[in-house]
Amino acid sequence: MNELRVRIAPSPSGNLHIGTARTALFNFLFAKKNNGKFVLRIEDTDLERSNEEFTQNIFDSLKALGLNWDEGPDVGGNFGPYKQSERFAIYPKYAQILIDKGFAYECFCTQEELDAEKEQAKNNKTAYVYSEKCRNLSAEEKQKLIAQGRKPSVRFHVPKGREIVFNDMVKGDLKFNSDLIGDFVIMKSNGTPTYNFAVVIDDMLMKISHIIRGEDHISNTPKQILIYEALGANVPTFGHLGMILAPDRSKLSKRHGATAVSEFVEKGYLTEALVNFVALLGWSPSDGVEIKTVDEIAQDFRIHEISSSNSIFEYDKLNWLNGQYIKKMELKVLADKLRPYLSKYNLNELSDSQYLKMVEITREPLVLLSDITDAVEYFFGDYPLIDSDALEHINSDIGQTVLKDVSEKIDNWDFLNLHQILEDFRTYYKEKGIKPKITMWAIRAAVTGRTKGADMCGIMEILGKEKVKKRILNVLK
Ligand code: GLU
């Protein structure tokens, strides 16, 4: 049996979109499950919209998600080059073969002529299909048009009266009437290929066996099948994935939140959570356990079971999943991942072990990595910012009593570790007959400037006796 080969073919006209990441993931999983090859091809034929920065973003984002490719522009392979802009010499050759075999022809129509045809169809309330006006031009007629300075495009001739049928791995049998397609351009008059042509030539030459992509490409598929057939090539098996919609059922866009993988990462999402989340947009685990690594998902992945309908991108669910990943991540790994979000603080104020302890006691409520920025503010600087609720606790009579007492006793407390701090406070509650809760409210308010936060004894252990005392003295009346 021939090798199973799939590909992802993004156009670098933007940062890697989360929807493209899902398409990449499903291709990757399908290849992994079937011992196939996963190819990355950069479709940068639209030179005006493509740029190197976006290409780099695509590489970086796919790598960050763990979707490594077997062949591609950077790693090479037997079927390169893997950037369409480096393949420009290939396409005219195949266009010529199609012309020679009578499957395609040169079209000299100007934009104005084509617009007029479209306008006519609109007036007649009929679907527009090209008139085929240039299909049977004689050699002299062509010469004349060329002499006028016209540069031809190349059109593929769509046979009439045909039903084009394919069995989609996700959507089942799909049928198209060729009469509605119309002869379409495969090479533009500037000598560059159109998407529908370049994609077929590349997939054919790269021996791609299965094409898994978004359903927005379904209407392109019959055109592509006709080109494969005209070239006498094997038609690959197609699978079209439902779209990803925003919670309001509209197309996912910037106004709903992040859309590019790199934007999610900047906002503090873990790539492990992101890749797990996008897998759940269309795929369901057979054992009902949703939190899974890519390897585990690959074991359980069956392309035919992918949902054929659209999926809703629930940001709330992604947030939940991200929080779960943060909770179960190894402390040291998490501590490293959090560093970029703490650049506004002087991390040298803490030793390595204090830093680890700080992460340990503040990680629990984090949903995004970036939530750490605010969560640990009071660990840095001499004094914390005090919010209005905390101020009330500080200024109450009982608050002032507690703070004064503790400021006097603290010199005799050794603050060696968390348990010792807790013990000293316990002795104090008992002695004074003050509730632990009341005591800690006042202490928390003075030391952190807040009424909520991580374990208070843990915070004091990290800050140390001197800083705690200084902060308490600072708010005594
Ligand atoms: N460059 C196309 C896109 O980004 C690829 C479509 C395909 O997979 O055929 O939509």
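The written sequence of each chain sets the order in which its residues are numbered from 1. Under the rules for a predicted model, residues below a pLDDT of 70 receive no local features and side-chain atom pairs below 80 are neither given nor counted, while totals for whole chains, interfaces and linings still include all residues. Each side-chain value is worked out from all heavy atoms of the structure, with water and hydrogens disregarded.

1. Looking at the overall build of the protein chain
Step number 1: For helices the rule is a DSSP run of H or I covering at least 4 residues; for strands it is a run of E covering at least 2, with both sets numbered from the N terminus onward. The secondary structure content of the protein chain amounts to 20 helices and 11 strands.
Step number 2: In this setup the radius of gyration rests on C-alpha atoms only. A globule is expected at 2.2 Å times the number of residues raised to 0.38. The C-alpha radius of gyration of the protein chain comes to 32 Å, more than 25% above the 23 Å expected for a compact globule of 477 residues.
Step number 3: Burial status across the protein chain gives 49% buried among its 477 residues.
Step number 4: Residues are treated as being in contact if the distance between any of their heavy atoms lies within 4.5 Å. At a minimum sequence separation of 6, the contacts of the protein chain that also span at least 24 residues come to 75%.
Step number 5: Surface accessibility in these figures is a Shrake-Rupley result with a 1.4 Å probe; residues are shielded only by whichever protein chains are displayed. Surface accessibility of the protein chain: about 23,200 Å² in total, with carbon and sulfur atoms responsible for 49%.
Step number 6: Asp and Glu are treated as the negative residues and Lys and Arg as the positive ones, with His and the ends of the chain left uncounted. Here the site of a charge means atom NZ of a Lys, CZ of an Arg, CG of an Asp or CD of a Glu. For the protein chain, the distance from the average position of its 63 positive side-chain charges to the average position of its 68 negative side-chain charges is 1 Å. A simple rule labels every residue: compare its accessible area, found with a 1.4 Å probe on the protein chains alone, to the largest value its type can have, and call it buried under 20%, exposed over 50%, or partly exposed in between.

2. Notes on helix α7 (residues 221-230)
Step number 1: The buried fraction of α7 amounts to eight of the 10 residues, a majority that puts the element mostly inside the structure.
Step number 2: Listed as buried for α7 are Thr221, Pro222, Gln224, Ile225, Leu226, Ile227, Tyr228 and Ala230.

3. Looking at the site of the ligand
Step number 1: Whether a residue is near a molecule or strand depends on its heavy atoms: it is near if one of them lies within 4 Å of it. The ligand sits among Arg7, Ala9, Pro10, Ser11, Glu43, Tyr195, Val199, Arg213 and His217.
Step number 2: We define a polar contact as two N or O atoms separated by no more than 3.5 Å, with the added condition that, inside protein, one atom must be a possible hydrogen donor and the other a possible acceptor, whereas residues neighbouring each other in sequence contribute only through side-chain atom pairs. Here Ala9 contributes a backbone N or O atom positioned 2.8 Å from a nitrogen atom of the ligand.
Step number 3: Within the side chain of His217, a nitrogen or oxygen atom sits 2.8 Å from an oxygen atom of the ligand.
Step number 4: Across the complex, the protein chains shield 79% of the 300 Å² of accessible surface that the ligand would expose by itself.
Step number 5: The cavity that encloses the ligand is the largest pocket.
Step number 6: When residue character is reported, Ala, Val, Leu, Ile, Met, Phe, Trp, Tyr, Cys and Pro are called nonpolar, Asp, Glu, Lys and Arg charged, and the others, Gly included, polar. Of the residues in the shell around the ligand, the class split is four nonpolar, two polar and three charged. Lining residues are those with an atom within 4 Å of a point, where the points come from a 1 Å grid over the protein atoms alone and group into cavities, where a 1.4 Å probe fits but cannot get out, or pockets, open sets with protein on both sides within 12 Å along at least five of seven lines. In this scheme, a molecule is assigned to a cavity or pocket if more than half of its atoms are within 2 Å of the grid points.

4. What to know about the pairing of strand β8 (residues 210-214)
Step number 1: Extensive coverage of β8 is indicated by the burial of five of its five residues.
Step number 2: Summarising the sheet, β8 and strand β9 (residues 237-241) pair through five bridges and their orientation is parallel. Within the sheet, the bridge partner assigned to Ile212 lies in β9 and is Gly239.
Step number 3: Between the parallel elements β8 and β9, the chain passes through α7 in a crossover that is right-handed. Only strands joined by at least two bridges in the DSSP assignment are considered to pair. Call a crossover right-handed when, viewed with both strands pointing away from you, the route from the first strand across the helix to the second goes clockwise.

5. Let's talk about the layout of surface pockets
Step number 1: Approximately 1,000 Å³ is the volume found for the largest pocket.
Step number 2: Lining of the largest pocket is provided by 31 residues; of these, His17, Gly19, Thr20, Asp216 and His217 occupy positions nearest its centre.
Step number 3: Listed by contribution, the elements that provide at least two residues to the lining of the largest pocket are β1 (5-8), α1 (18-33), α6 (195-205) and β8.
Step number 4: Sorting elements by how many residues they give to the lining of the largest pocket places α1 first, with four residues.
Step number 5: Partitioned by chemical class, the residues of the lining of the largest pocket number 11 nonpolar, 12 polar and eight charged. Grid points are joined across faces, edges and corners, and a volume is the space filled by probe spheres set on the points.

6. Observations concerning the pattern of salt bridges
Step number 1: One speaks of a salt bridge when a side-chain nitrogen belonging to Lys or Arg is within 4 Å of a carboxyl oxygen belonging to Asp or Glu. In total, this model carries 36 salt bridges according to the counting rule given.
Step number 2: The shortest N-O distance in the salt bridge between Lys63 and Asp74 comes to 3.7 Å. On the criterion of sequence distance, the pair formed by Lys63 in helix α2 (residues 52-64) and Asp74 in the loop between α2 and α3 (90-100) is long-range, its members being 11 residues apart.
Step number 3: On the accessibility criterion, Lys63 (42% relative accessible area) is partly exposed.
Step number 4: Exposure remark for Asp74: the relative accessible area of 38% places this residue in the partly exposed category.
Step number 5: Its salt-bridge partner being Arg87, residue Asp202 comes within 2.7 Å of it at the nearest N-O pair. One end of the pair, Asp202, is in helix α6; the other, Arg87, is in the loop between α2 and α3, with 115 residues separating them in the sequence.

7. Points about the packing of helix α12 (residues 331-338) against helix α13 (residues 352-362)
Step number 1: Lines fitted to C-alpha atoms define the axes, with helix axes restricted to the stretch in contact, and inter-axis angles between N-to-C directions lie between 0 and 180 degrees. Closest axis-to-axis distance for the α12/α13 pair is 10 Å, and the angle between their directions is 95 degrees. Relative to α13, the element α12 is oriented roughly perpendicular. Across the interface between the two elements, Leu331, Lys332, Leu334, Ala335 and Leu338 of α12 pack against Tyr355, Leu356, Val359 and Glu360 of α13.
Step number 2: Among the residues making up the contact of α12 with α13, the classes are represented as seven nonpolar, no polar and two charged. Throughout, the term roughly parallel applies to angles under 35 degrees, roughly antiparallel to angles over 145, roughly perpendicular to angles from 65 to 115, and oblique to all others.

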